[in-house]
Amino acid sequence: MDKFTTFTGVAAPFPLINVDTDMIIPKQFLKTIKRSGLGVNLFDEMRYDDDGNEIEDFVLNRAQYRNAQILVAGENFGCGSSREHAPWAIKDFGIICVIAPSFADIFYNNCFKNGILPIALPQEEVDELMKEAEKGSNARITVDLEEQSITTSEGEAVRFELDAFKKHCLLEGLDDISLTMKKEDSIDAFERRAKAERPWM
């Protein structure tokens, strides 16, 4: 998993509330166990018509937001089923930060495991960032994980709170497997000791 430090990118406004994981990545795309290739189907039912053509006025189909790295969303983002394909699709599209007033717990935790920074802010602060995002590709937002701050193109800064352990994992690019592998020497020592003490096992 890539380390998450500081980046500046385009933010796409997505003010819908209660966006569930089936809206993020519909169930017909859950057959794969690969984390790549799902970005093209992110928000599939909102992005494409029945013939597979792009719906022009959908935010991520607009020229200024096609390369968005930040999504400014409504409350309770990521509710619904616990499918990990939802953050996979978001990350594969190129979005590495989602800002919203609130998130569903499982989706929120899955984001950290997949290198995405979910930031929960008070509604009024999200509203201001939504206005900033609506300016299009000229309004680039800077997210600084180390300083836990968001800075608009106008230089306005907003701070956010974050669990220290989750912050550490993102800064170091550590997912669950990487965290386990950092204890590889201790695990190997335990296995050798267990084998010597219980050779019949």
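Residues numbered from 1 in each chain as written. Predicted model: local features only at pLDDT ≥ 70, side-chain atom pairs only at ≥ 80, totals over all residues. Heavy atoms only, no water.

Re the overall build of the protein chain
- Counting its secondary structure elements, the protein chain contains eight helices and seven strands.
- Buried residues in the protein chain amount to 44% of all 201 residues.
- Long-range pairs, those at least 24 residues apart, make up 67% of the contacts in the protein chain between residues at least 6 apart in sequence.
- Put simply, the protein chain shows about 11000 Å² of open surface, and 48% of that area lies on carbon and sulfur atoms.
- Charge separation in the protein chain, taken as the distance between the mean sites of 23 positive and 36 negative side-chain charges, equals 8 Å. (Helix = DSSP H or I, 4+ residues; strand = E, 2+ residues; numbered from the N terminus. Buried < 20%, exposed > 50% of the residue type's maximum accessible area, 1.4 Å probe, protein only. Contact = heavy atoms within 4.5 Å. Areas by Shrake-Rupley, 256 points an atom, 1.4 Å probe, with all protein chains shown as cover. Lys, Arg positive; Asp, Glu negative; His and termini not counted. Charge placed at Lys NZ, Arg CZ, Asp CG, Glu CD.)

Things to note about the pairing of strand E1 (residues 6–14)
- Counting buried positions along E1 gives seven out of nine residues, so the element sits mostly inside the fold.
- Of the strand pairs in this sheet, E1 and strand E5 (residues 140–144) are connected by five bridges, and their pairing is antiparallel. Pairing of Val10 across the sheet is with Arg140, part of E5.
- Of the strand pairs in this sheet, E1 and strand E2 (residues 70–73) are connected by four bridges, and their pairing is parallel. Bridging from a neighbouring strand, Pro13 pairs with Val72 of E2. (Pairing = 2+ DSSP bridges.)

Some remarks on the state of the cysteines
- A full pass over the atoms with the stated rule returns zero disulfides.
- Left without a disulfide partner, Cys111 is nearest to the cysteine sulfur of Cys97, which lies 9.5 Å away.
- In this structure Cys111 comes out as buried when scored by relative accessible area, which is 0%. (Disulfide = S-S within 2.5 Å.)

Comments concerning the sheet that holds E2
- Here we have seven strands laid out as an open sheet, ordered E4-E3-E2-E1-E5-E6-E7, and mixed in their pairing. Across the chains shown, the open sheet's two edge strands, defined by having one partner strand only, are strand E4 (117–120) and strand E7 (157–159). Taken over all neighbouring pairs, the strand axes of this sheet differ in orientation by 25° on average, direction set aside.
- Across the sheet, helix H5 (residues 123–133) touches E1, E2, strand E3 (97–100), E5, strand E6 (149–151) and E7, and the angle it forms with E2 is around 125°. (Axes fitted to C-alpha atoms, helices over the stretch in contact; angles between N-to-C directions.)

A short note on the nonpolar core
- Counting residues in each nonpolar core, the largest one holds 31 residues, and the members touching the most others are Ile24, Leu42, Phe43, Phe77, Ile90 and Phe107.
- Listed in part, the 25 residues of the second largest apolar core include Ile70, Ile119, Val143 and Ile150. (Core = buried A, V, L, I, M, F, W, Y, C linked by side-chain atoms within 4.5 Å.)

As for H5
- Those residues of H5 not exposed but buried are Val126, Leu129, Met130, Glu132 and Ala133. The buried side chains of H5 occupy one side of the element, clustering within an arc of 155° when seen end-on.
- Buried positions along H5 lie against E1, E2, E3, E5 and E6. (Arc of directions from axis to C-beta.)

In short, the description is geometric, and any link to function would need to be established separately.
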